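Per-entry structural report
The primary structure of each chain is shown beneath.
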Amino acid sequence: MIDLAKFTKELSNCLEGGIVLVETSASKILEVHLEAVKWLSKQKYTQIILSTTRPCKNLLELYQKNNIDTDKLIILCTCCKEKNNTKQEKNNIIHIKNNSSLLEITFSLGECIKLIKAKKTIFIDSINTLLIHNEPNSLAKFIHSVLTKMRLNNVSGLLISLDLKMDKEIRAEIAQLCDRVIRV
Amino acid sequence: MRKLESSLNTVLKDKNVKSIMLELNTESYFETNIKTIKILQKKGFGGVVYVSIQRPFKNISSTLKKQRISIKNMLFIDVASAVSNEAREKYKECVHISPKLDVDELIKAIYASAEKIKGKKFIFIDSLTTFALYKPISETLRFTEFLMQLVKGEKNTVLILNVAKDLSQKKFIQNVIVHADKIIEVKT
């Protein structure tokens, strides 16, 4: 179990207009994800969620079970392999070819930023999965580029990674670009 | 802050020290960047050429204003927006460069910006390792060597190079360290 009061307090202290790296363990990562989405939803953020590990269908079911309003969510799904399906289950899901399609992800995030006028946040879950599918240097450049886009458009951000599982150098490269690092 | 301030005070007493490398904690990287600027401005280094590799100008300038740091005597070279291919809005304090990040073009922009600022000033490179994501090591080293040579010939200019502590063991950073006049490990 995570210390929810502490976690949400830290988020409220630094998320407004800021970019936060959340480091957690494998056993807590889903709980952190759900609590973060729940909290962001309560704060009236429109959320753009990059899901690299869980298929969108599964994620939507989990949100519904946890009473999370899915109306103000857009999921960029890189892992359900439904990119080529003509029948898409919901308007708020964007299918990305795979976790290596960093250009496609950047483009889709950019489009979402442009389209959504309300207070918004980009939530990336997780850095580690992206690291499995991409070269560290390419991933660092991708994160730098996405974060620059977010800062230019006043978009808040949440990046999740597994602590102790990431290479020290790539972790440092990404952490130094964020406004705050939180360990849960 | 006091530790960083006292370290900078000690180092800057030596007039031969022109290039300083700061090794920063990743957890408080940008916060320390801001502290460094505050300390140096307090020490009379009113002018700043801020080479912004990590963050776009718009974000930095608003953060500095929130921190009550005047940007009147500062010029920013917005590398972050350039390498991310973002639109380049015009501001009088901001110098834009092309997205290909040509070292010679960047050097010219730094040199021209430094020329425009009168009095005591410093050139601030916010992250050498972020720069190295986009350029080969040889070009990164050429860039730092040029900057070190530039400040050596200038009475009123100091160079501040920032690097994350966890990345300072990288071989190319070690090469830069060898040529820098002083290294300060910032403890926060």
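For the structure itself, consult the block above.
Below is a summary of the structure that appears in this document. Computed from a predicted model, the values in this text were never measured in an experiment.

1. Re the overall build of chain B
- Helix and strand counts for chain B stand at eight helices and seven strands.
- Compactness check: chain B gives a C-alpha radius of gyration of 15 Å against a globular reference of 16 Å for 188 residues, within 12% of the reference.
- Across its three principal axes, chain B shows a C-alpha extent of roughly 40 × 35 × 35 Å.
- Taking all 188 residues of chain B together, 44% fall into the buried category.
- At a minimum sequence separation of 6, the contacts of chain B that also span at least 24 residues come to 75%.

2. Focus: the sheet that holds strand β2 (residues 46–51) of chain A
All names here are of chain A.
- The strand order β4-β3-β2-β5-β6-β1-β7 describes an open sheet built from seven strands, whose pairing is parallel. The open sheet has two edge strands, β4 (93–95) and β7 (180–183), and neither has a second partner. Neighbour to neighbour, the strand axes of the sheet diverge by 15° on average, direction disregarded.
- For strand β1 (residues 19–24) and strand β6 (residues 156–162), the ladder comprises six bridges, and the chain directions are parallel. Of the residues in β6, the one forming a bridge with isoleucine 19 is glycine 157.

3. Concerning the packing of helix α4 (residues 102–115) of chain A against helix α6 (residues 136–152) of chain A
Residues and elements named next belong to chain A.
- Across the interface, α4 lies against α6 with an axial gap of 11 Å and an inter-helix angle of 10°. Classified by the angle their axes make, α4 and α6 are roughly parallel. Two secondary-structure elements touch here, α4 through Leu102, Thr106, Leu109, Gly110 and Ile113 and α6 through Ser138, Phe142, Ser145, Val146 and Lys149.
- Classifying every residue of the contact of α4 with α6 gives five nonpolar, four polar and one charged.

4. Considerations on the interface of chain B and chain A
- Listed as interface residues are 20 residues of chain B and, on the opposing side, 18 residues of chain A.
- Listing elements by their share of the side of chain B that touches chain A, those giving two or more residues are α2 (29–42), α3 (57–66), α4 (79–83) and α6 (128–134) of chain B.
- Of all the elements, α6(B) adds the most residues to the side of chain B that touches chain A, at three residues.
- Residue composition of the side of chain B that touches chain A, by class: seven nonpolar, eight polar and five charged.

5. A short note on the sheet that holds strand β3 (residues 74–78) of chain B
All names here are of chain B.
- Across the sheet, seven strands lie side by side as β4-β3-β2-β5-β6-β1-β7; this open sheet has parallel pairing. Looking at which strands have only one partner, the edges of the open sheet turn out to be β4 (94–96) and β7 (182–185). Averaged over all pairs of adjacent strands, the angle between strand axes in this sheet comes to 20°, irrespective of strand direction.
- Alignment of strand β2 (residues 47–52) against β3, held across five bridges, turns out to be parallel. By the bridge assignment, valine 51 is partnered in β3 with isoleucine 77.
- Packing against the sheet, helix α5 (residues 103–116) makes contact with β2, β3, β4, β5 (121–125) and β6 (157–164), and its axis sits at approximately 170° to β3.

Cut-offs applied
Residues numbered from 1 in each chain as written. Chains lettered and ligands numbered in written order. Predicted model: local features only at pLDDT ≥ 70, side-chain atom pairs only at ≥ 80, totals over all residues. Helix = DSSP H or I, 4+ residues; strand = E, 2+ residues; numbered from the N terminus. Rg over C-alpha atoms; globule rule 2.2 N^0.38 Å. Buried ≥ 20, exposed ≤ 12 C-beta atoms within 10 Å, placed from the backbone. Contact = placed C-beta atoms within 7 Å. Pairing = 2+ DSSP bridges. Axes fitted to C-alpha atoms, helices over the stretch in contact; angles between N-to-C directions. Parallel < 35°, antiparallel > 145°, perpendicular 65-115°, else oblique. Nonpolar A, V, L, I, M, F, W, Y, C, P; charged D, E, K, R; others polar.

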